Amino acid sequence: MATKTVKVTLTEKNDAGPLFDLFYSTNGGGSFTSSADSTNLYLPYVGASTVANVDENSHTYELKSKGVCINSAFDNLPTPTPTPTPTACRVGLTQVEAGVGGQSGACYFSDVITVYVSGPFNTTETDIYLDANGCTFAPASYYSDGTFVLDWNGSQVTRATACSIVPTPGPTATPTPTPGPTSTPGPTSTPTPTPTPGLTSFGYHSITKSFPDQFKCVWPSSSQAYQAYALIQYLTGQSSPTQSTPYFITAPSVKIWDSLGTERVDINSTGSSTVLWFYDGIQVVVEWNNVSPTGTYANGGTYSDTWGYQKD
């Protein structure tokens, strides 16, 4: 009898095995013959395989457990193809904390979002994604790195603009109240203190002397990033300060007054004093380095107020 070698794979197990005898059929399963050299095959689990010598005219096989279970197999069935591991839709992307919103709001980081970009912000060839695998485009909006702003329509950039020519977001106008009837004068209330005239305010935030030569200003959410951006502009004269980039402080001294205008911090700078801003995923931070903070609020504590800034 001429023979051939076949691969036999256990396709079901139940309580059978782990030892099996192999039988083959040359008439399509009408009858089976024992394979003399294929007894006590060790197949301990589903998917386990072995080889056996059988009649070259056989095409159908049975594995008979040393118990009672029978498994049939056919030597002309294809070997299952493993499921491929998913691959990235786009490779080589860079993670960026970008300003998002309207054109001015994106440039001045009125809100911040994590995106993945295929190139720099100064070209219309850049694509913007929400995921690191580059499978999901970011929604249509303006996106900015603080130096350039991209007009993204949801599938491509239609325009790249320098933030230096984008207007700074202005304050919301306060409507003029309509005069009402004159009321009877009552007790005079104490007015809410405001920063001393001539000072520049950057909204309500906290300050702290974090190290002897380091000082920090912190805003609690990404929606206040434009305040930090504006403070960097005020301290350095940079028109479009980029996130996490240090810039030299131009003033020899900066005073930070509380809203009562009675107590302050004096921050003295040197030729190597720098300041930078960044969003850490939770809050927006302006970090002063190589400075010498002194005064009431420079004792290492954290203080929150609508501070007034004054350059000397």
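Placed above this text is the structure.
Residues numbered from 1 in each chain as written. Predicted model: local features only at pLDDT ≥ 70, side-chain atom pairs only at ≥ 80, totals over all residues. Heavy atoms only, no water.

S.K.: Explanation requested: helix α2 (residues 225-236) in the structure shown.
M.R.: Residues separated by three or four positions in an α-helix point in the same direction, a consequence of the helix having 3.6 residues per turn. Compared with the 16 Å implied by 1.5 Å per residue over 12 residues, the 17 Å span of α2 between its first and last C-alpha is a close match. Along α2, 10 of the 12 residues are buried, which leaves the element largely enclosed by surrounding structure. Here α2 has its buried residues at Ala225, Gln227, Ala228, Tyr229, Leu231, Ile232, Gln233, Tyr234, Leu235 and Thr236. (Helix = DSSP H or I, 4+ residues; strand = E, 2+ residues; numbered from the N terminus. Expected span 1.5 Å × (residues − 1). Buried < 20%, exposed > 50% of the residue type's maximum accessible area, 1.4 Å probe, protein only.)

S.K.: Which parts of the structure should I look at to understand unusual backbone geometry?
M.R.: Leaving glycine out, the prevailing phi sign among residues is negative, and the prevailing peptide bond configuration is trans. Phi is positive for Phe109, which is not a glycine, with a value near 55°. Along the polypeptide, Phe109 turns up in the loop between α1 (103-107) and β9 (112-117). A positive phi angle, close to 65°, is found at Ser244, a residue other than glycine. Of note, Ser244 is situated in the loop between α2 and β16 (247-248).

S.K.: I keep staring at the packing of aromatic side chains and nothing clicks. Help me out?
M.R.: Aromatic ring pairs are described here by two measures, namely the spacing of the ring centres and the angle between the planes. If you walk through the whole model with that rule in mind, you get 10 aromatic pairs. An angle of 80° between the planes, with centres 4.6 Å apart, marks the rings of Phe109 and Trp277 as edge-to-face. Remark: Trp277 occurs in strand β18 (residues 264-279) and Phe109 occurs in the loop between α1 and β9; sequence separation between them is 168 residues. Chaining the aromatic ring pairs together yields one cluster made of Tyr108, Phe109, Tyr229 and Trp277. Across the ring face of Phe23, the terminal group of Lys64 is positioned such that the distance to the ring centre comes to 4.5 Å. In this arrangement the basic side chain of Lys311 is found over the ring face of Tyr234, its NZ or CZ atom lying 4.4 Å from the centre. (Phe/Tyr/Trp six-rings, centres within 6.5 Å; stacked < 30°, edge-to-face > 60°. Lys NZ or Arg CZ within 6 Å of the ring centre and 35° of its normal.)

S.K.: Would you mind showing me how to read the pattern of salt bridges here?
M.R.: Side chains that differ in charge, positive against negative, can pair when their charged atoms come close. Overall, the coordinates contain five salt bridges when judged by the stated rule. As a salt-bridge pair, Asp127 and Arg90 come within 2.9 Å of each other at their nearest N and O atoms. Of this pair, Asp127 sits in the loop between β9 and β10 (128-129) while Arg90 is found in the loop between β7 (70-74) and β8 (94-101), placing the two residues 37 residues apart along the sequence. Among the residues examined, Asp127 registers a relative accessible area of 17% and is labelled buried. (Salt bridge = Lys/Arg side-chain N within 4 Å of Asp/Glu carboxyl O.)

S.K.: Quick question: what am I supposed to make of the sheet that holds β10 here?
M.R.: The strands making up a sheet are joined through hydrogen bonds of the backbone, oriented either antiparallel or parallel. With antiparallel pairing, the six strands of this open sheet are ordered in space as β10-β9-β8-β11-β12-β13. Single-partner strands in this sheet number two, and they are β10 and β13 (157-162). Looking at chain direction, strand β11 (residues 141-144) and strand β12 (residues 148-152) are connected through four bridges and run antiparallel. Each residue of the ladder has a partner; that of Ser141, found in β12, is Trp152. (Pairing = 2+ DSSP bridges.)

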